[in-house]
Amino acid sequence: MSDRDAAFEAYFAARSDAMRGTAYLLCGDWHRAEDLVQQTFTKIYQVWRRIQRQDAMDNYTRQTLIRTFLSERRRGWFRYESVGVPPADPPTASAGPTEERLVLLEALVKVPPRQRAVLVLRYWEDQSVEQTAELLDCSTGTVKSQASRGLAALRGLLEEEKVR
């Protein structure tokens, strides 16, 4: 195994689980999240030898993941059949009571993709407005408006759930 492959393997082992969690928040399906992570790391491996700054790899990987997700949504790849099987290995970290978390994740999946990407980056990945704008290749104003609209949509979906 070359040094290049060993370095990539170490990076993949260290970061794939975190990226899988982010991908799940974006698409709401563990199997789809696995596919997104695999596509993302395949793209990264293809350019691995040209990457100069290893310290910026997390941002580059996150940006690649988000762009892969958004480009698939544009192409209509998101029309896949869901069998509704619960994930075999849910994440270990819990942010609150299970029922509330499930309701929140279900509502997040219904938020439009671009707004969902902003919400995940800003509030799950704890990125600043500037970092999010850089990752999504847009202005800070766009990030702010997408976050505002996304939060409003999420609140509306959660209010609908309360009424039920």
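Given the structure is predicted, the values throughout are model-derived calculations rather than measurements. (Residues numbered from 1 in each chain as written. Predicted model: local features only at pLDDT ≥ 70, side-chain atom pairs only at ≥ 80, totals over all residues. Heavy atoms only, no water.)

**Considering the overall build of the chain**
Counting its secondary structure elements, the chain contains seven helices and zero strands. Its helices and strands in sequence order give the chain the pattern α-α-α-α-α-α-α, from N to C terminus. Burial analysis of the chain (164 residues in total) assigns 37% to the buried set. Accessible surface for the chain amounts to roughly 10,100 Å². Of this, 52% is attributable to carbon and sulfur atoms. (Helix = DSSP H or I, 4+ residues; strand = E, 2+ residues; numbered from the N terminus. Buried < 20%, exposed > 50% of the residue type's maximum accessible area, 1.4 Å probe, protein only. Areas by Shrake-Rupley, 256 points an atom, 1.4 Å probe, with all protein chains shown as cover.)

**So, unusual backbone geometry**
Of note in the backbone geometry, Asp-126 takes a positive phi value of approximately 60° without being a glycine. Its place among the elements puts Asp-126 in the loop between helix H5 (113-124) and helix H6 (129-136). The exposure class of Asp-126 is exposed, given its relative accessible area of 65%. Phi is positive for Asp-137, which is not a glycine, with a value near 55°. Here Asp-137 shows up in the loop between H6 and helix H7 (140-163). Look at Asp-137 and you get exposed, because its relative accessible area is 61%.

**Quick look at the packing of helix H4 (residues 98-110) against H5**
At a minimum axis distance of 10 Å, the contact between H4 and H5 shows a crossing angle of 140°. Comparing the axis directions of H4 and H5 gives the class oblique. Seen from H4, the contacting residues are Arg-101, Leu-108 and Val-109; seen from H5, they are Arg-116, Leu-119, Val-120 and Trp-124. (Axes fitted to C-alpha atoms, helices over the stretch in contact; angles between N-to-C directions. Parallel < 35°, antiparallel > 145°, perpendicular 65-115°, else oblique. Contact = heavy atoms within 4.5 Å.)

**Examining the packing of aromatic side chains**
Tallying each qualifying case throughout the model produces seven aromatic pairs. Consider the rings of Tyr-11 and Trp-48, whose centres lie 5.9 Å apart with planes at 35°: the pair is tilted. Of this pair, Tyr-11 sits in helix H1 (residues 3-27) while Trp-48 sits in the loop between helix H2 (30-47) and helix H3 (57-75), and the two are 37 residues apart along the sequence. You'll find Tyr-11 and Trp-48 in the same group, each marked buried. Cation over ring: Arg-4 sits above Tyr-45, and NZ or CZ is 4.5 Å from the ring centre. Above the plane of the ring of Tyr-123 lies Arg-122, whose end atom (NZ or CZ) is 5.4 Å from the centre. (Phe/Tyr/Trp six-rings, centres within 6.5 Å; stacked < 30°, edge-to-face > 60°. Lys NZ or Arg CZ within 6 Å of the ring centre and 35° of its normal.)

**Digging into the confidence of the model for the chain**
Confidence along the chain averages 84 in pLDDT terms, with 85% of residues attaining 70 or more. Within the chain, no element has a lower average pLDDT than H4, which sits at 85, and none a higher one than H2, at 93. (pLDDT = per-residue confidence, 0-100.)

**Quick notes on the environment of Ser-145**
With respect to the helices, strands and loops of the structure, Ser-145 is situated in helix H7. Residues Ser-145 and Val-118 lie 27 residues apart in sequence; the distance between their C-alpha atoms is 9.7 Å.

**Regarding H1**
In this model, H1 (25 residues) spans 34 Å end to end at C-alpha, consistent with the 36 Å of a helix rising 1.5 Å per residue. Of all the bends in H1, the greatest, near 45°, is centred on Arg-15. Within the sequence span of H1, burial applies to Phe-8, Tyr-11, Ser-16, Met-19, Arg-20, Thr-22, Ala-23, Tyr-24, Leu-25, Leu-26 and Cys-27. Backbone geometry just downstream of H1 places Gly-28 in the positive-phi region, at approximately 80°. (Expected span 1.5 Å × (residues − 1). Bend = angle between axes of the 7 residues up to and from the residue.)

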